[in-house]
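Here's the letter readout for the chains.
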Amino acid sequence: MDASTATATVLIVEDEPGIADILRITLKYNGFTVHSAATCKDALTSARRHRPDLVLLDVMLPDGSGWEVCRALREERAAEDDGSDLAVIFVTARDAPRDVVAGLALGGDDYITKPFGVDEVVARVHAVLRRTRRRPAGPSTRVLRHGDLEMDEGTYTVRRAGQPVELTPTEYNLLRHLLRNAGRILTKEQLLQHVWQYDTAVSSTVVETYISYLRRKLDRWGPPLIETRRGVGYGLLAQEGGGA
């Protein structure tokens, strides 16, 4: 098992027994601790009891929407403010671009459409956990700054104009990569490789969507920071007195 994702706990939320069984057997074989639920209610109960690192979440459930489950779990973890991260991968037959965008907007870290290969799911789980699980602060941690934007890599906190900015793990990693490369325009392919760590068929949608999330949260406290270079990519341009 990947050392960076060892001991991870996965919650499978799926109401089709056949799919749930395949996912459970495969993930256990790959070394994960696995729990499962078939309804929104049971998913929330299990998540509170077992504190999973990652949730594989179906969208269409018997008693509601997986999107609502994601929103509720994100709000609960944010309210606790205990430093624990939760990754969410939607696994669903809803493959329209608007559904992918909606899932990411609610805090999903990835989006897998049915039918899928189990090897792909395992690879996605590893990749998402590598970028979302926090590592202990060490001597190499530092504070990154760009104008009035500040990121403390030791405490995983972000402030702009002195105001705290709440980010999901994926948003945090995307902003950190932009900060570490302030003054450069990074292509979508570079961002996908360094932030998401693998290729995906919806790569363009993923990158564009997360850039829009960052802009919405950062621009609340000041003028725009992220520039779009059409046909190329995105970057934090160098500012007088700023930089990483």
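Keep in mind that what you see is a predicted model, and the values were worked out from it rather than measured. (Residues numbered from 1 in each chain as written. Predicted model: local features only at pLDDT ≥ 70, side-chain atom pairs only at ≥ 80, totals over all residues. Heavy atoms only, no water.)

**Q** Looking at this model, I keep getting lost on the nonpolar core. Mind explaining?
**A** Buried together is how nonpolar side chains tend to be arranged in soluble globular proteins. Ranked by size, the top nonpolar core spans 49 residues in total, and within it Leu57, Leu174, Leu175 and Leu178 carry the most contacts. The element that contributes the greatest number of residues to this core is helix α8 (residues 203-218), accounting for seven residues. Residues contacting Leu174, with those up to four places away along its chain left out, are Leu191, Val195, Trp196, Tyr210, Ile211 and Leu214. (Core = buried A, V, L, I, M, F, W, Y, C linked by side-chain atoms within 4.5 Å. Buried < 20%, exposed > 50% of the residue type's maximum accessible area, 1.4 Å probe, protein only. Helix = DSSP H or I, 4+ residues; strand = E, 2+ residues; numbered from the N terminus. Contact = heavy atoms within 4.5 Å.)

**Q** Honestly, the sheet that holds strand β10 (residues 157-160) in this entry has me stumped. Any pointers?
**A** The pairing of strands in a sheet happens through backbone hydrogen bonds and is either parallel or antiparallel. An order of β8-β9-β10-β11 is seen for the four strands of this open sheet, with the pairing classed as antiparallel. Of all strands in the sheet, those bounded by a partner on one side alone are β8 (143-146) and β11 (163-164). Note: β8 against strand β9 (residues 149-152), four bridges, orientation antiparallel. Residue pairing in the sheet places Arg145 in a bridge with Glu150 of β9. (Pairing = 2+ DSSP bridges.)

**Q** When you look at helix α2 (residues 40-50) in this model, what are you seeing that I'm missing?
**A** Owing to its 3.6 residues per turn, the α-helix brings residues three or four apart onto one side. By the burial criterion, the buried members of α2 are Cys40, Ala43, Leu44, Ser46 and Ala47. Here the buried residues of α2 occupy an arc of 165° about the axis, which is enough to place them on one side. Opposite the buried face of α2, by more than 90 degrees, sit the exposed residues Lys41 and Arg49. Packed against the buried residues of α2 are β1 (9-13), β2 (33-37), β4 (60-61), β5 (64-65) and α3 (66-80). Arg51 lies just past α2 and shows a positive phi near 50°. (Arc of directions from axis to C-beta.)

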